[in-house]
Amino acid sequence: SEFCRKLPKVELHAHLNGSLSINTLQKLCKMQRSDTSCDETFMDLNTSNFSSLSECFKMFDIAHALTITPQAVFVATCDVIKEFHEDNVIYLELRSTPRAVEDVMTKTEYLQAIIKAIEASKSKFPQILVKLLVSINRKQGYESAEENINLAMQFMEKHPEHVVGIDLSGDPTEGDSFLELLKTSRKVGLRITAHCAEVPNEIETNDILKFKPDRLGHCTCVHPSLQGSQQLFDTLLESKIPVELCLTSNIKCKTVSSYMYHQFKYLYKAGHPITIGTDDKGVFNTCLSKELEILSSIFNIGKQQLKELSALSVQYSFASIEEKNNLTAVIENFD
Ligand code: 5GP
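This is a predicted model, so every value here is computed, not measured.

Undergrad: Honestly, the overall build of the chain in this entry has me stumped. Any pointers?
TA: If you tally the helices and strands in the chain, you get 15 helices and eight strands. Taken over C-alpha atoms, the radius of gyration comes to 19 Å for the chain, in line with the 20 Å a tight globule of 335 residues would show. Once the C-alpha set of the chain is aligned to its principal axes, its extents read approximately 55 × 45 × 45 Å. Here the chain holds 335 residues, and the buried ones make up 57% of them. Excluding contacts between residues fewer than 6 apart, the proportion of contacts in the chain whose partners are at least 24 apart in sequence is 75%. If you sum the accessible surface of the chain, you get close to 14600 Å²; carbon and sulfur atoms cover 51% of it.

Undergrad: Quick question: what am I supposed to make of the site of the ligand here?
TA: Taken together, 18 residues lie around the ligand, and His64, Ser96, Thr97, Glu198 and Asp280 are the ones closest in. Side-chain polar atom of Glu198 to a nitrogen atom of the ligand: 2.6 Å apart, as the coordinates give it. Relative to its free-state accessible area of 510 Å², the ligand is covered by the protein chains to the extent of 97%. A majority-of-atoms criterion places the ligand in the largest pocket.

Undergrad: Can you help me understand the side chain of Ser313 in this one?
TA: Position of Ser313 among the secondary structure elements: in helix α14 (residues 303-316). With sequence-adjacent residues up to four places away left out, Ser313 is seen in contact with Val10, Leu12, Ile274 and Thr275.

Undergrad: Help me understand the environment of Leu16 in this model?
TA: In this structure, Leu16 sits in the loop between β1 (9-15) and α2 (22-32). With a relative accessible area of 3%, Leu16 lands in the buried category. In this structure, the C-alpha to C-alpha distance between Leu16 and Glu2, residues 14 residues apart in sequence, is 26 Å.

Undergrad: Just checking my understanding: could you explain the state of the cysteines for this structure?
TA: Chemically, a disulfide is nothing more than a covalent bond linking the sulfur atoms of two cysteines. Counted according to the given criterion, the structure contains zero disulfides. Unpaired in this structure, Cys4 has its nearest cysteine sulfur neighbour in Cys287, at a distance of 9.6 Å. On the basis of relative accessibility, which here comes to 3%, the residue Cys4 falls in the buried class. Looking at Cys78, it has no disulfide partner, and the nearest cysteine sulfur is the one in Cys29, 19 Å off.

Undergrad: Help me understand the pairing of strand β5 (residues 191-196), please; the structure alone is not making it clear to me.
TA: A regular strand places its side chains so that they alternate between the two faces of the sheet. Of all six residues making up β5, five are buried, and the element is well covered by its neighbours. At this point the chain moves from strand β4 (residues 163-169), through helix α8 (residues 179-187), to the parallel β5, and the crossover so formed is right-handed. Pairing analysis gives four bridges linking β5 to strand β6 (residues 215-218), with the strands arranged parallel. Each residue of the ladder has a partner; that of Ala194, found in β6, is Leu216.

Undergrad: For this particular structure, what's the right way to read the sheet that holds β6?
TA: In sheet architecture, strand pairing relies on hydrogen bonds along the backbone and comes in two forms, parallel and antiparallel. Pairing in this open sheet of eight strands is parallel, and the strands run β1-β2-β3-β4-β5-β6-β7-β8 from one edge to the other. Each edge of the open sheet carries a strand with a single partner, namely β1 and β8 (274-276). Taking the axes of each pair of neighbouring strands and ignoring which way they run, one obtains an average angle of 25 degrees across the sheet. Here five bridges tie β1 to strand β2 (residues 89-96), and the two strands are oriented parallel to one another.

Undergrad: Got a minute to help me understand the nonpolar core in this structure?
TA: It is characteristic of soluble globular proteins that their nonpolar side chains tend to be buried jointly. By size, the foremost hydrophobic cluster in this structure holds 87 residues, and its most contacted members are Leu92, Leu216, Phe264, Leu295 and Leu306. The dominant element in this core, judged by the number of residues it contributes, is helix α5 (residues 70-86), at nine residues. Leu295 has contacts with Leu247, Phe264, Ile276, Asn300, Ile301, Leu306 and Leu309, leaving out every residue within four places of it along the chain. Counting 10 residues, the second largest nonpolar core, distinct from the first, contains Val10, Leu12, Val314 and Tyr316.

Analysis parameters
Residues numbered from 1 in each chain as written. Predicted model: local features only at pLDDT ≥ 70, side-chain atom pairs only at ≥ 80, totals over all residues. Heavy atoms only, no water. Helix = DSSP H or I, 4+ residues; strand = E, 2+ residues; numbered from the N terminus. Rg over C-alpha atoms; globule rule 2.2 N^0.38 Å. Buried < 20%, exposed > 50% of the residue type's maximum accessible area, 1.4 Å probe, protein only. Contact = heavy atoms within 4.5 Å. Areas by Shrake-Rupley, 256 points an atom, 1.4 Å probe, with all protein chains shown as cover. Near = heavy atom within 4 Å. Polar contact = N/O pair within 3.5 Å; in protein donor to acceptor, adjacent residues only side chain to side chain. 1 Å grid on protein atoms, 1.4 Å probe; cavity = no way out; pocket = protein on both sides within 12 Å on 5 of 7 lines; lining within 4 Å. Sits in = over half its atoms within 2 Å of the grid points. Disulfide = S-S within 2.5 Å. Right-handed = clockwise from strand over helix to strand, strands pointing away. Pairing = 2+ DSSP bridges. Axes fitted to C-alpha atoms, helices over the stretch in contact; angles between N-to-C directions. Core = buried A, V, L, I, M, F, W, Y, C linked by side-chain atoms within 4.5 Å.

Below you can see the structure in the form of structure tokens.
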């Protein structure tokens with residue numbers, strides 16, 4: 001476990017508001033109301049287990065209610081970066097859905113607050129390189145998706161070193177994957193990662209695979225032993241698209257019944273490109289080293305292989321070639 005903690009790590013699947021620690025939630029709560037009602041509110045979050053994916057989605061409301069001003073978004077982002085850094089993450093791709101709050105914050109101000117936090121953290125924690133992916137919440141509909149894509153394009157133009165891609169996420173049981181819209185952003189050079197097959201949906205999964213995003217999230221229901229899914233699994237393998245895997249998240253949301261049955265095992269065995277992420281380290285009470293420990297204890301993945309996974313994740317990241325070379329050197333030099 002000492003090894004997993006010290007290993008220079010690469011996090012490619014982290015949602016900002018799901019990554020807020022109890023400390024941060026408490027801090028934000030106190031910023032919002034100056035009474036003492038904040039002290040115990042968040043303690044039971046640590047032990048949360050959810051009955052379903054929808055149940056776990058309710059958790060985001062708690063964080064969202066506390067990040068309704070640019071100042072709060074700034075503080076939240078700074079804390080998340082600091083905590084990933086403390087876990088020896090050297091490269092972090094944060095993703096977040098731009099949110100407007102009437103009379104208080106526009107979507108542009110929301111993103112500006114995150115950029116400001118990334119820049120402030122750069123001098124404070126130079127060992128961690130941070131990028132931003134702008135998320136689309138599929139549940140929020142076409143107009144919102146279009147708005148977020150336009151914002152991502154504007155921000156990439158202004159901050160090409162920080163804003164590098166788009167993430168398609170949100171409750172997979174609702175909404176659309178907006179693949180046509182995503183084509184526009186791809187043309188201007190934004191990279192795309194799409195949550196895929198978190199719930200069974202063969203038609204959409206096929207459409208997403210055909211679209212060929214740069215990376216895929218979860219792919220829970222693309223599983224060789226799931227009835228009728230063998231063909232999807234083969235199509236995924238053929239595509240060679242790297243898959244972001246978040247084990248604790250899938251187990252706690254019960255989208256995967258047990259670690260032994262997790263798609264990690266099958267994808268890893270097939271030599272398919274994968275990267276390990278936390279998803280929502282606050283909501284699921286985890287961190288990247290814990291996720292690697294799971295690989296080591298449950299799947300018997302050795303130190304050398306963990307280091308290799310970390311180095312390969314650099315290749316699947318949306319960093320520049322020069323940045324990738326630097327990150328790889330840090331990982332290679334670790335022993
Ligand atoms: P935010 O985008 O507000 O910074 O982070 C929270 C949001 O990320 C949630 O409202 C949801 O849209 C998205 N999200 C977090 N975890 C998951 C997940 O496991 N699956 C999907 N599809 N979306 C998620």
